Amino acid sequence: MENKLSILVLSCDEYCDIWNDFFSLRDTFWPNTDMKWYLVTESINFSHPNVEVIHTGKGLNWTGRLRHAVNYVNTKYIGWYLEDFFITEKVDNSLIFQLVEKMDDENIDYINMSDVFYSLVKMPEKHEYYDKHLLIIPNHKKYGISTASALWRGSYLLDILGNDDKNAWEFEIDLCKKAISKEGFSGRIFCDDRMPFNVTKIPVVIQGKYNPKAIEYFARKGFRIHVGNRGLMSKKDVFVFEFNDAVRKILRDYPHLSKVIKWLAQNIFRIKFFT
């Protein structure tokens, strides 16, 4: 399997302070991982068992660093995490292997393994299943492909990345534009409703600061996140983030309520809402 699948942890030097916690949780919840792991960053070194650092240099943006890493590892399949997608439960090695073999046997290009936007598994009755656990991602589904942790066919990922060098937000905007275009997404793309990479459902870092709810969540699991100089969000910032997030989810399902909700946000709650 190590010759077929690589796991990339996409990061940058600015987030080096959270690498130890990410990989400590990986060691806790995925101790018998049989594939090679890589940390992708610009220039800072990092030493941890079964982690090789891929230095991309300072000249590349997010998609440029990812493209560099995919070409470097040169495995048929790529799994990825972002550095603040902390693992919260035991990952089933055998299940990951089964999914990679399924991709091989059935020519699958992409499987969303975490659905961090919860736009796919929230209401599965609205979607068609390919088999017992794989939801078919419609080729015009916004955020059907995103920065969620996923398994990718390497060649398909390189096609999606293209040749431009953009940040992660620009990458997702381009994907949304692709989704609503006449052609939509190509390839065979699915979402596993078990979310096998077990990414935390609580955002860990928001706008550069730690989410205090994530700190409390991991403390209950017996794990101390080292906040350091990054600091914690204020209660007001947490409220504003959660309000915006809740409204975005509502608008995905009920877009006709957009004007009403934005008026309420700005005139009643005094919150400037961004879609």
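These lines cover the structure that appears in this document, whether it is placed above or below. Source: prediction; values computed, not measured.

1. Considerations on the overall build of the chain
In terms of regular secondary structure, the chain is built from eight helices and ten strands. Scored against the burial criterion, the 275 residues of the chain give a buried share of 50%. The contacts of the chain with a sequence gap of at least 6 include a subset with a gap of at least 24, amounting to 72%. Carbon together with sulfur atoms contributes 52% to the accessible area of the chain, which is approximately 13800 Å² in total.

2. Examining the packing of aromatic side chains
Within this structure, the stated rule accounts for 21 aromatic pairs. Residues Phe22 and Trp37 carry aromatic rings whose centres are separated by 6.5 Å and whose planes lie at 55 degrees to one another, so their mutual orientation is tilted. In this pair, Phe22 is assigned in helix α1 (residues 19-29) and Trp37 in strand β2 (residues 36-41), connecting sequence segments 15 residues apart. Its relative accessible area of 1% is what places Phe22 among the buried residues. Residue Trp37 is classed as buried on the basis of its relative accessible area of 0%. Pairing Tyr38 with Tyr72 gives two aromatic rings, centres 6.2 Å apart and planes at 80 degrees, and the pair type is edge-to-face. On the criterion of sequence distance, the pair formed by Tyr38 in strand β2 and Tyr72 in helix α2 (residues 62-73) is long-range, its members being 34 residues apart. Cluster of aromatic residues (ring-pair linked, three or more members): Trp19, Phe22, Phe23, Trp30, Trp37, Phe46, Tyr81, Phe86, Phe197, Tyr217, Phe218 and Phe223. Between the NZ or CZ atom of Arg26 and the centre of the ring of Trp37, over which it lies, the distance is 5.0 Å. Directly above the aromatic system of Tyr15 lies the positively charged group of Arg230, at a separation of 4.4 Å from the ring centroid.

3. Digging into unusual backbone geometry
Within the chain, Tyr143 stands out as a residue other than glycine whose phi angle is a positive 65 degrees. Inspection of the secondary structure assignment puts Tyr143 in the loop between β6 (134-136) and β7 (150-153). In this structure Tyr143 comes out as partly exposed when scored by relative accessible area, which is 26%. The backbone of Met195 sits at a positive phi, close to 50 degrees, despite the residue not being glycine. The class for Met195 is buried, based on a relative accessible area of 14%.

4. Considerations on the environment of Leu8
Assignment of secondary structure puts Leu8 in strand β1 (residues 5-10). Among the residues examined, Leu8 registers a relative accessible area of 0% and is labelled buried. A C-alpha to C-alpha distance of 9.6 Å links Leu8 and Glu52, two positions 44 residues apart in sequence. In contact with Leu8, other than residues within four places in its own chain, are Tyr38, Val40, Leu66, Ala69, Val70, Val73, Ile78, Gly79, Trp80 and Tyr81.

5. Let's talk about α2
Compared with the 16 Å implied by 1.5 Å per residue over twelve residues, the 17 Å span of α2 between its first and last C-alpha is a close match. Of all twelve residues making up α2, nine are buried, and the element is well covered by its neighbours. Of the residues flanking the end of α2, it is Asn74, one or two places downstream, whose phi is positive at about 55 degrees.

6. Remarks on the pattern of salt bridges
Throughout the structure, instances matching the rule amount to 15 salt bridges. Taking the shortest distance from any N to any O, the salt bridge between Lys76 and Asp104 comes out at 2.7 Å. Remark: Asp104 occurs in helix α3 (residues 93-106) and Lys76 occurs in the loop between α2 and β4 (77-82); sequence separation between them is 28 residues. Notably, a salt bridge pairs Asp109 with Arg153, separated by 3.4 Å at the nearest N-O pair. One end of the pair, Asp109, is in the loop between α3 and β5 (110-112); the other, Arg153, is in strand β7, and 44 residues separate them in sequence. Look at Asp109 and you get buried, because its relative accessible area is 11%. The exposure class assigned to Arg153 is buried, which follows from its relative accessible area of 10%.

7. Quick word on the side chain of Thr75
With respect to the secondary-structure elements, Thr75 resides in the loop between α2 and β4. For Thr75, a relative accessible area of 12% translates into the label buried. At 3.0 Å, the side chain of Thr75 forms a polar contact with the backbone oxygen of Tyr77.

About the thresholds
Residues numbered from 1 in each chain as written. Predicted model: local features only at pLDDT ≥ 70, side-chain atom pairs only at ≥ 80, totals over all residues. Heavy atoms only, no water. Helix = DSSP H or I, 4+ residues; strand = E, 2+ residues; numbered from the N terminus. Buried < 20%, exposed > 50% of the residue type's maximum accessible area, 1.4 Å probe, protein only. Contact = heavy atoms within 4.5 Å. Areas by Shrake-Rupley, 256 points an atom, 1.4 Å probe, with all protein chains shown as cover. Phe/Tyr/Trp six-rings, centres within 6.5 Å; stacked < 30°, edge-to-face > 60°. Lys NZ or Arg CZ within 6 Å of the ring centre and 35° of its normal. Expected span 1.5 Å × (residues − 1). Salt bridge = Lys/Arg side-chain N within 4 Å of Asp/Glu carboxyl O. Polar contact = N/O pair within 3.5 Å; in protein donor to acceptor, adjacent residues only side chain to side chain.

The analysis is restricted to geometry; functional conclusions fall outside its scope.
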